[in-house]
Amino acid sequence: MHEVSKQTIETAQKHAQKSLEHSKEVQELGNSLETDNQIEQEQKERIEAYGETMHEHAQKFQNLAHRLTADPSIDVFSETVKEHIKVNQAHIKAIEEFEKIQPPA
């Protein structure tokens, strides 16, 4: 059976850590918007919810990336990549929601 390289595992672990950091930043952004009265409450809540979704998947991503150290199988790597994709999808949705509240340049 094929195994994932040590370099790929290290890269996945670094990406997982960055994903966690980004998820916290999106959550903080949602929280910081709570004081802005010009933004609809639903928009604030959606941005915060996307941050929470990002965080959930980033946690899974990180757990799987660390699991690769003990089990560098393609199956575990595939699960890891799927969680990374889910983090990115939630991040994109958060950005799209944030862009709706930004005034045109």
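Talk me through a negative patch on the surface; I want residue IDs and the actual numbers.
Together, Glu-34, Glu-40, Glu-42 and Glu-45 give the surface a local cluster of negative charge. Assignment of secondary structure puts Glu-40 in the loop between helix 1 (6–32) and helix 2 (41–70). Owing to a relative accessible area of 47%, Glu-40 belongs among the partly exposed residues under this scheme.

Describe in detail the confidence of the model for the chain, supporting the description with residues and values.
Averaged over all residues, the pLDDT of the chain is 90; the fraction at 70 or higher stands at 95%. Helix 3 (residues 74–101) holds the highest mean pLDDT among the elements of the chain, 94, whereas helix 1 holds the lowest, 92.

Report on the packing of helix 2 against helix 3, specifying residues and quantitative values.
Think of two packed helices as two axes; the pair is described by the angle between the axes and how far apart they sit. In the contact formed by helix 2 and helix 3, the axes pass within 8 Å of each other and the chain directions differ by 160°. On the basis of the axis angle, helix 2 is roughly antiparallel to helix 3. With respect to the hand of their crossing, helix 2 and helix 3 are arranged in left-handed fashion. A per-class count over the contact of helix 2 with helix 3 returns 15 nonpolar, 6 polar and 9 charged.

The rules we used
- Residues numbered from 1 in each chain as written.
- Predicted model: local features only at pLDDT ≥ 70, side-chain atom pairs only at ≥ 80, totals over all residues.
- Heavy atoms only, no water.
- Patch = residues over 30% accessible without salt bridge, like charges linked within 9 Å, V, L, I, M, F, W, Y side chains within 5 Å.
- Areas by Shrake-Rupley, 256 points an atom, 1.4 Å probe, with all protein chains shown as cover.
- Salt bridge = Lys/Arg side-chain N within 4 Å of Asp/Glu carboxyl O.
- Lys, Arg positive; Asp, Glu negative; His and termini not counted.
- Charge placed at Lys NZ, Arg CZ, Asp CG, Glu CD.
- Helix = DSSP H or I, 4+ residues; strand = E, 2+ residues; numbered from the N terminus.
- Buried < 20%, exposed > 50% of the residue type's maximum accessible area, 1.4 Å probe, protein only.
- pLDDT = per-residue confidence, 0-100.
- Axes fitted to C-alpha atoms, helices over the stretch in contact; angles between N-to-C directions.
- Parallel < 35°, antiparallel > 145°, perpendicular 65-115°, else oblique.
- Left-handed = near helix turned anticlockwise from the far one by under 90°.
- Nonpolar A, V, L, I, M, F, W, Y, C, P; charged D, E, K, R; others polar.

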